[in-house]
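Geometric and topological summary
Here is how the chains run, residue by residue.
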Amino acid sequence: MAAPMELYCWAGGWGLPTVDPDCLAVLTYARFTGAPLKVHKITNPWRSPSGSLPALKTSDGVFSDTQEIITHFRKQQFNADYDLSALQGADTLAFLSLVKRKLLPMLIHTFWVDAKNYVEHTRKWYAEAIPFPLNFFLPSRMQKRQLERLQTVCGENWQDDEEQLEKQLYRDGCECLTLLSQRLGRKKFFFGDS
């Protein structure tokens, strides 16, 4: 019998099973597919096998990129798209692209760029959760990484007019949520109720 897969992810907070969007995506995908996981919710990324979170440890190795982890699940026959038609699979890819392009930048801005939110909530949570002495520098390092991620999506001059950027990000995020809500309608899931 193969060793169980072990997922290392950020601990939960704010009523969520994990505070990190990438960890949340992996946990959600695993739940939809029924992938057998031993979940380790931790507050020190250096305690994971890859030194970052999320991280999946399997008999095949360690995977630390969200897409890499989901691809590994699929190779292990834990595929949330298995029963979908080609058209439904294409819709899924389109919605994933929409979320990455429109919703994720808004979340990054909300948690890591908005100064008030960052100081009062994001940095505070991580500083309280991460063990000493990492809590003094790791939140700032994480913020820097998220700012680089936002720059990749928004372009080099993303900080030229931060007020305009914020308005555009929130407009895009609301548009994304509206489209997803309209597509879902009264169903439990996008492609039926099971």
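The residue count restarts for each chain, going from 1 along the sequence in the order it is written. Owing to the predicted nature of the model, reporting of local features is limited to residues with pLDDT of at least 70; listing and counting of side-chain atom pairs is limited to 80 or more, with chain, interface and lining totals taken over all residues. In computing side-chain properties, one takes all heavy atoms of the structure into account and sets aside hydrogens as well as water.

Our next topic: the nonpolar core. Among the buried residues, those of types Ala, Val, Leu, Ile, Met, Phe, Trp, Tyr and Cys that are joined through side-chain atoms within 4.5 Å form a nonpolar core. In this scheme, a residue with accessible area under 20% of its type's maximum is buried, one over 50% is exposed, and one in between is partly exposed, where area comes from a 1.4 Å probe on protein chains only. If you look at the biggest cluster of nonpolar residues, it comprises 29 residues, and the most contacted ones within it are Trp 10, Leu 56, Phe 73, Tyr 126, Ile 130 and Met 142. In this structure, this core is formed jointly by two domains, domain 1 (5-76) and domain 2 (86-184), each of which donates at least three residues. With sequence-adjacent residues up to four places away left out, Tyr 126 is seen in contact with Trp 10, Val 19, Trp 112, Pro 139 and Met 142. Domain ranges listed in this record stem from an automatic or a database domain assignment. Should any heavy atoms of two residues lie within 4.5 Å, those residues are considered in contact.

Moving on: the environment of Arg 149. Numbering of helices and strands runs from the N terminus; a helix is a DSSP stretch of H or I covering at least four residues, while a strand is a stretch of E covering at least two. Tracing the backbone through its elements, the reader meets Arg 149 in helix H5 (residues 138-154). Residue classification places Arg 149 among the partly exposed residues on the basis of a relative accessible area of 27%. In the structure, Arg 149 is positioned 22 residues away from Ala 127 in sequence and 21 Å away in space, judged by C-alpha atoms. When neighbours within four sequence positions are excluded, Arg 149 is seen to be in contact with Asp 22, Leu 104 and Ile 108.

Attention now goes to the domain arrangement of the chain. By the assigned domains, the chain splits into domain 1 (5-76) and domain 2 (86-184). Placing the centre of domain 1 and that of domain 2 at their C-alpha centroids yields a distance of 19 Å. The interface is formed by 13 residues belonging to domain 1 together with 16 residues belonging to domain 2. Once two parts are put together, the accessible area they lose, assessed with a 1.4 Å probe and summed over both, is termed the buried area. Where domain 1 abuts domain 2, roughly 1200 Å² becomes buried across the two surfaces, and 68% of that area is made up of carbon and sulfur atoms. Pairing of N or O atoms within 3.5 Å defines a polar contact, subject to two protein rules: one partner must be a possible hydrogen donor and the other a possible acceptor, and residues neighboring in sequence count only if both atoms are side-chain atoms. Our count for the domain 1 to domain 2 interface comes out at two residue pairs in polar contact (both at pLDDT 80 or more).

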